[in-house]
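Each chain, written out:
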Amino acid sequence: MSGGGTIDFEIRPSSQPVSATEREALLANPGFGRVFTDHMVTIRYAEGKGWYDARVEARAPIPMDPATAVLHYAQEIFEGLKAYHRADGSVGLFRPDANARRFAQSAQRMAMAPLPEDLFVGSVRELVNIDRAWIPTSTEGSLYLRPFQYASEVFLGVRPAREYLYCVIASPVGPYFAGGLKPVSIWISDEYTRAAPGGTGAAKCGGNYAASLLAQSQAADNGCDQVIFLDAAERKYVDELGGMNVFFVRADGSMFTPELNGSILPGITRDSVMTLAREQGRHVEERPVSIDEWRDGARSGEIVETFACGTAAVLTPIGTVRGVEGEFKLGDGGTGPVTAALRETLVGIQFGRVPDPHNWTTTL
Ligand SMILES: *Cc1c(COP(=O)(O)O)cnc(C)c1O
């Protein structure tokens, strides 16, 4: 037993872990989301009983009754965060308390039982601890952690479930940009939206992703890497990419980003970028950003950089933007200096190479 929050975890190490040789081979080129560690965490919830049966055990399939509620009504939420090998030899997590808070907020929106925040952080620490050997040592490699929770009650009636399963799995990932920062092209979806006022856009739930996939396919059909969504009411303002927030940089060095309007996911990278940029003396505004302002600003030279941000890629420069009304580029379509510098600082904090005045990183 080991204390990982409000309840103790029962730890049952895998009897068949991957051999060290095989693990090293997998870690040489893990890609994203296709290699997994030896263990997982599970915690169960039942109405009237609360959270119980916290375990760290061998990663294995979860048997599921075909009438399990999540398969029918999609009551599901998730998180994404990373563990890093730091410059001083310790293992670090970046703002796990912020993920814990957001997870509880997502649960609230989806009418699910919220997991206590200390239990969330404890569960992540337990998994990283037992699967520490799976954290890549390559430059900018990390262990991607995926906590998630779903309605596990076997019931077809339409109401919030009375039973939930919380689970954490881990996946070693290589550097997102192996050959240096590469700007992405973006498709403006004129046909589909991902979230509407009063909807679930601010919750990190699988359903939002399901709603974004067709638009993402259209982006690919139009030769673009990613899709950007406009607001559902007027189709006039920029919301976000399906899994990343967006920032704009003006020629005078000031920045702006769409305000959290209920349809935008409150990114932890977004919040961290705003803090860092303000510390660098930049003026940062949160407000509605129209697609016209972006297009006209890029064409006139007033907006010189645009980047997307999220845990997986940290900061991604946007080079080209395409839509039914034509195409425009940001600057020369390459990686701008503000994007590159902010990324360098944030990644430096995560890997313990530069000071962390906000105590964003916590070590194991
Ligand atoms: C997770 C996510 C983001 C980015 O959030 P981070 O906390 O920075 O990783 C942005 N948009 C959506 C829809 C997301 O699910």
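Refer to the structure presented above.
Described below are features of the structure shown in this document.

Calculation criteria
Here, residues in each chain are numbered from 1, in the same order as that chain's written sequence. Local features in this predicted model are restricted to residues whose pLDDT is 70 or higher, and side-chain atom pairs enter the listing and the counts only when it is 80 or higher, whereas totals over whole chains, interfaces and linings include all residues. Excluding hydrogens and water, the side-chain figures rest on all heavy atoms present in the structure. Put simply, a salt bridge is a Lys or Arg side-chain nitrogen that is within 4 Å of an Asp or Glu carboxyl oxygen. Segments assigned H or I by DSSP are reported as helices when at least four residues long, segments assigned E as strands when at least two residues long, and all are numbered from the N terminus. Burial classes follow relative accessibility: with a 1.4 Å probe on protein chains only, a residue under 20% of its type's maximum area counts as buried, one over 50% as exposed, and anything between as partly exposed. By this definition, two strands are paired if DSSP reports at least two bridges between them. Whether a residue is near a molecule or strand is decided by its heavy atoms; if any one of them lies within 4 Å of it, the residue is near. Polar contacts, as used here, are pairs of N or O atoms within 3.5 Å; protein pairs need one atom able to donate a hydrogen and one able to accept it. Residues neighboring in sequence count only if both atoms are side-chain atoms. With a 1 Å grid laid over protein atoms only, a set of points is called a cavity when a 1.4 Å probe fits there but cannot get out and a pocket when it is open yet has protein on both sides within 12 Å along at least five of seven lines; lining residues have an atom within 4 Å of a point. Whether a molecule lies in a cavity or pocket depends on its atoms, and more than half of them have to be within 2 Å of the grid points. Residue polarity follows a fixed list, in which Ala, Val, Leu, Ile, Met, Phe, Trp, Tyr, Cys and Pro are nonpolar, Asp, Glu, Lys and Arg are charged, and the others, Gly among them, are polar. For a helix, the expected span equals 1.5 Å multiplied by the residue count minus one. Residues grouped as a nonpolar core are buried Ala, Val, Leu, Ile, Met, Phe, Trp, Tyr and Cys residues, joined through side-chain atoms within 4.5 Å. Note on contacts: a residue pair qualifies if any of its non-hydrogen atoms lie within 4.5 Å across the two residues.

Quick look at the pattern of salt bridges now. For the coordinates displayed, the defined rule picks out 19 salt bridges. Taking the shortest distance from any N to any O, the salt bridge between Arg-343 and Glu-140 comes out at 3.4 Å. Note that Arg-343 is positioned in helix α8 (residues 337–350) and Glu-140 in the loop between α4 (117–130) and β8 (142–151), a separation of 203 residues in sequence. With relative accessibility at 23%, the residue Glu-140 sits in the partly exposed group. Taking the shortest distance from any N to any O, the salt bridge between Glu-285 and Arg-287 comes out at 2.6 Å. Residue Glu-285 is classed as partly exposed on the basis of its relative accessible area, which comes to 22%. Overlapping salt bridges bring together Arg-250, Glu-285, Arg-287, Glu-293 and Glu-302 as one network.

Glycine aside, a negative phi is what most residues show, and trans is what most peptide bonds show. Even without being glycine, Asp-53 reaches a positive phi, approximately 60 degrees. Looking at the element boundaries, Asp-53 is found in strand β4 (residues 50–58). Phi is positive for Arg-235, which is not a glycine, with a value near 55 degrees. Its location among the elements puts Arg-235 in the loop between β11 (226–230) and β12 (238–241).

Both strand β2 (residues 8–11) and β4 contribute to a ladder of two bridges, which runs parallel. By the bridge assignment for β4, Glu-10 is matched with Arg-55. Strand direction decides the pairing type here: strand β3 (residues 39–46) and β4, joined by seven bridges, are antiparallel. Counterpart to Arg-44 in the pairing with β4 is Tyr-52. What sits between β3 and β4 in their antiparallel hairpin is a turn of three residues, with Gly-48 showing a positive phi close to 90 degrees.

We now examine the site of the ligand. The immediate surroundings of the ligand are formed by 15 residues, with Lys-204, Tyr-209, Glu-240, Thr-269 and Thr-311 found nearest. In the model, an oxygen atom of the ligand is placed 2.8 Å from a nitrogen or oxygen of the Arg-102 side chain. The site holding the ligand turns out to be the largest pocket. When grouped by side-chain class, the residues that make up the shell around the ligand number four nonpolar, seven polar and four charged.

Between its first and last C-alpha atoms α8 spans 20 Å; for 14 residues at 1.5 Å apiece the expected length is 20 Å, and the two agree. Listed in full, the buried residues belonging to α8 are Val-338, Thr-339, Leu-342, Arg-343, Leu-346, Val-347, Gly-348, Ile-349 and Gln-350. Looking at the residues trailing α8, positive phi occurs at Gly-352, about 70 degrees.

Let us look at the nonpolar core. Membership of the largest hydrophobic core comes to 47 residues, with the highest contact counts inside it found for Ile-43, Trp-51, Phe-120 and Leu-145. The leading source of residues in this core is strand β9 (residues 163–173), at seven residues. Other than its neighbours up to four places away in sequence, Ile-43 contacts Ile-7, Phe-9, Trp-51, Tyr-52, Asp-53, Ala-54, Leu-115, Leu-119, Tyr-164, Leu-165 and Tyr-166. Grouped together as the second largest cluster of nonpolar side chains are 23 residues, Val-249, Val-314, Leu-315 and Phe-351 included.

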